[in-house]
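Examination of the molecular architecture
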Amino acid sequence: MKAVPKVNIDGLYIEDALVDDSFSGVVPFYTDSEPMLPSPDQLEQPEVKREEEEAEREISGYLVGVPVPTGLFWPKFNIAAWNAYQDRDTSDQTLPELWIEGLGQVEIDELTKSQPAELTEIDMLKLRLADSEAENKRLAKESNANQIALMELHTMLLSMTAES
């Protein structure tokens, strides 16, 4: 078993699917257009099949036996190029570019813009230390101002008691 890309009908990558090792090429996969629920008369007579009651199948996507090149953000299989390759002159053995980028440049730029680095524990401790030092300086100034005010009050009290 090997994993091959599964693409939607537009060729955009959906997920990987497991297939036999001998799988190659491009094969469509189908979904039913409507769920097939048996009617009451079908339950009574299971051998009776009516053509109009069978759900039509439509292509949902493709299993692609061509490897995806690295470096694509959202791979897109070029189904038209694959069909042209299948219809080519057999003497031409060059493989066209079958996988292309499915995202636009704006979307790629958004994905690749640099993210701010996460802070390590040491960096967070350094920030906390700097904050603590700043708080200590603020409290020291406030303490000095309170001591000066207390000394002024003490001096005023002494001068008032000396006068009386």
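Reading the values: the criteria
- Residues numbered from 1 in each chain as written.
- Predicted model: local features only at pLDDT ≥ 70, side-chain atom pairs only at ≥ 80, totals over all residues.
- Heavy atoms only, no water.
- Helix = DSSP H or I, 4+ residues; strand = E, 2+ residues; numbered from the N terminus.
- Buried < 20%, exposed > 50% of the residue type's maximum accessible area, 1.4 Å probe, protein only.
- Contact = heavy atoms within 4.5 Å.
- Core = buried A, V, L, I, M, F, W, Y, C linked by side-chain atoms within 4.5 Å.
- pLDDT = per-residue confidence, 0-100.
- Arc of directions from axis to C-beta.
- Salt bridge = Lys/Arg side-chain N within 4 Å of Asp/Glu carboxyl O.
- Phe/Tyr/Trp six-rings, centres within 6.5 Å; stacked < 30°, edge-to-face > 60°.
- Lys NZ or Arg CZ within 6 Å of the ring centre and 35° of its normal.
- Pairing = 2+ DSSP bridges.

Time to look at the overall build of the protein. Counting its secondary structure elements, the protein contains 4 helices and 6 strands. Beginning at the N terminus, the succession of helices and strands in the protein can be written as β-β-β-α-β-β-α-β-α-α. In the protein, which comprises 164 residues, the proportion classed as buried is 17%. A sequence separation of at least 24 residues applies to 63% of the contacts in the protein between residues at least 6 apart.

Our focus in this paragraph is the nonpolar core. Core analysis: the biggest nonpolar cluster contains 12 residues, these being Val7, Val26, Tyr62, Val64, Val66, Phe77, Ile79, Ala81, Trp82, Tyr85, Leu98 and Trp99. Secondary structure elements with two or more residues in this core: strand 4 (57–64) and helix 2 (79–86). Apart from the residues lying within four places of it in its own chain, the contact partners of Tyr85 are Thr94, Leu95 and Pro96. One finds Val4, Val19, Phe23 and Leu63 within the second-largest nonpolar core, a separate group that totals 6 residues.

When pLDDT is averaged along the protein, the result is 83, and 82% of the positions lie at 70 or above. Confidence, read as mean pLDDT per element, is least for helix 1 (residues 40–44) in the protein (54) and greatest for strand 5 (residues 75–77) (94). Counted against residues more than four places away or in other chains, residues 46–54, with its pLDDT under 50, gives 6 contacts.

What follows covers helix 2. Among the residues of helix 2, those classed as buried are Ile79, Ala81, Trp82 and Tyr85. Axial view of helix 2: buried residues confined to an arc of 160 degrees, hence all on one face.

The full count for this structure, using the stated rule, is 4 salt bridges. Residues Lys113 and Glu110 are paired through a salt bridge, measuring 3.2 Å at the closest nitrogen-oxygen approach. Residues Arg138 and Glu135 are paired through a salt bridge, measuring 2.7 Å at the closest nitrogen-oxygen approach. Placement of both Arg138 and Glu135 in helix 4 (residues 121–163) is noted, with a separation of 3 residues, approximately one turn of the helix. Of the residues examined, Glu135 reaches a relative accessible area of 35% and is grouped as partly exposed. Residues participating in the shared-partner salt-bridge network are Glu135, Arg138 and Glu142.

The next subject is the packing of aromatic side chains. On inspection of all chains with the given rule, the structure shows 3 aromatic pairs. Taken together, a centroid distance of 5.1 Å and an interplanar angle of 65 degrees make the contact between Phe77 and Trp99 edge-to-face. Here Phe77 is found in strand 5, whereas its partner Trp99 is found in strand 6 (residues 99–101), with 22 residues between them in sequence. The residue whose ring lies beneath Lys6 is Phe29, and the NZ or CZ to ring-centre distance is 4.7 Å.

This part covers the pairing of strand 1 (residues 2–8). Relative to strand 2 (residues 13–19), strand 1 is paired through 6 bridges, and the arrangement is antiparallel. Counted as the bridge partner of Val7 is Tyr13 from strand 2. Between strand 1 and strand 2, which pair antiparallel and follow one another directly, the connecting turn spans 4 residues, one of which, Gly11, has a positive phi of 95 degrees. One ladder, built from 3 bridges, connects strand 1 with strand 4; its direction is antiparallel.

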